[in-house]
Amino acid sequence: MPKTDNNTVLAIKNISVEFDGFKALTDVRVDVKRHTIHFFIGPNGAGKTTLLDIICAKTKPTQGTVHFYPEGRESMRLTGMKEYKIVNEGVGRKFQVPSVFINLTVQENMILSLKGHKGIIDSMFRKPTKPELARINETLEKVGLADKADVKAGSLAHGQKQWLEIAMQLVQKPEIIMLDEPAAGMGKPETFKTGELLKEIKKECTIIVVEHDMDFVKQIADTVTVLHEGKVLTEGKVEDVLANETVQAVYLGRGGERDA
Ligand SMILES: Nc1ncnc2c1ncn2[C@@H]1O[C@H](COP(=O)(O)OP(=O)(O)OP(=O)(O)O)[C@@H](O)[C@H]1O
Ligand SMILES: [Mg+2]
């Protein structure tokens, strides 16, 4: 295993990806530190989602490795592992498109996310234990949805659906959660609330976020990596990164990318 300092939870080394000759990522190297909120920002098509796909092994890189350093356990190479195994080892992922079951209640969605519940059929036959239910309740409490446990997920407001998805990850006690545009489609108050929630969650795990909303980035980022055309443009503290002229030219100068 490659050496890292103890604070590194994820080491992304020399990752390149090509899709039919198109270079989506080129030689990306990033260290993610434990219990930080690490943002990947950059214009549309910069390769942010592709990088998350590599980390969770949805996409195979043409070059490079990703290593995961769990606390108190042996480190492991995520590249080459099966997707479900990576989730079981403690690396969760929320996709850019919401993926809650709208016809199930909030609590049923949470039960589906529990480790050991492999699908809807299994969940119908294996009732959650008391400690599991307590954990579900405590997690819903944390994201402000405890009073919505019996409500159909489809009837939740957009922001609440996003918080449910975060709760569905948290209930699995992950060491890393990855969120692809968690604030997309949210108004300012909901976005701010999501930020405060993530600051709380950071005590329990490391959070990797892809987001276009710069106020949200400023509110909570510990580290920001800027991707541009598949390459790391710069990385650092939010204020330094946003003050960088090249970053402003390629990204901020375009007036925000949310609706692009
Ligand atoms: N499976 C694929 N096959 C071919 N090209 C792909 C595939 N996945 C992504 N790409 C291309 O790779 C580039 C990076 O895409 P990616 O989705 O990672 O960008 P992004 O930074 O997440 O953008 P956005 O901010 O719009 O979500 C894009 O040009 C995209 O069209
Ligand atoms: Mg994306």
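Note that the coordinates shown come from a computational prediction; the quantities given were computed from them, not determined experimentally.

Participant: Please provide a residue-by-residue account of the sheet that holds strand S4 (residues 63-68), values included.
Facilitator: Reading across from one edge, S2-S1-S4-S5 is the order of the four strands in this open sheet, with antiparallel pairing throughout. Two strands in the sheet have a free side with no partner beyond their single neighbour: strand S2 (22-33) and strand S5 (76-77). With five bridges connecting them, strand S1 (residues 8-19) and S4 associate as antiparallel partners. Paired with Ala11 across the two strands is His67, which belongs to S4.

Participant: Provide a residue-level description of the site of ligand 1, including the pertinent values.
Facilitator: As a matter of local geometry, ligand 1 sits amid Phe19, Phe22, Ala24, Gly42, Asn44, Gly45, Ala46, Gly47, Lys48, Thr49 and Thr50. Take the shell around ligand 1: its biggest share by element is three residues, from helix H1 (residues 48-55). Its residues assigned to classes, the shell around ligand 1 shows four nonpolar, six polar and one charged.

Participant: Give me the lowdown on helix H6 (residues 158-170), citing residues and values where you can.
Facilitator: The end-to-end C-alpha separation of H6 is 19 Å, in line with the 18 Å expected for 13 residues at 1.5 Å each. For H6, a buried count of 10 out of 13 residues is recorded, marking the element as mostly surrounded by other parts of the structure. Listed in full, the buried residues belonging to H6 are Lys161, Gln162, Trp163, Leu164, Glu165, Ile166, Ala167, Met168, Gln169 and Leu170.

Criteria and thresholds
- Residues numbered from 1 in each chain as written.
- Chains lettered and ligands numbered in written order.
- Predicted model: local features only at pLDDT ≥ 70, side-chain atom pairs only at ≥ 80, totals over all residues.
- Pairing = 2+ DSSP bridges.
- Helix = DSSP H or I, 4+ residues; strand = E, 2+ residues; numbered from the N terminus.
- Near = placed C-beta within 6 Å.
- Nonpolar A, V, L, I, M, F, W, Y, C, P; charged D, E, K, R; others polar.
- Expected span 1.5 Å × (residues − 1).
- Buried ≥ 20, exposed ≤ 12 C-beta atoms within 10 Å, placed from the backbone.

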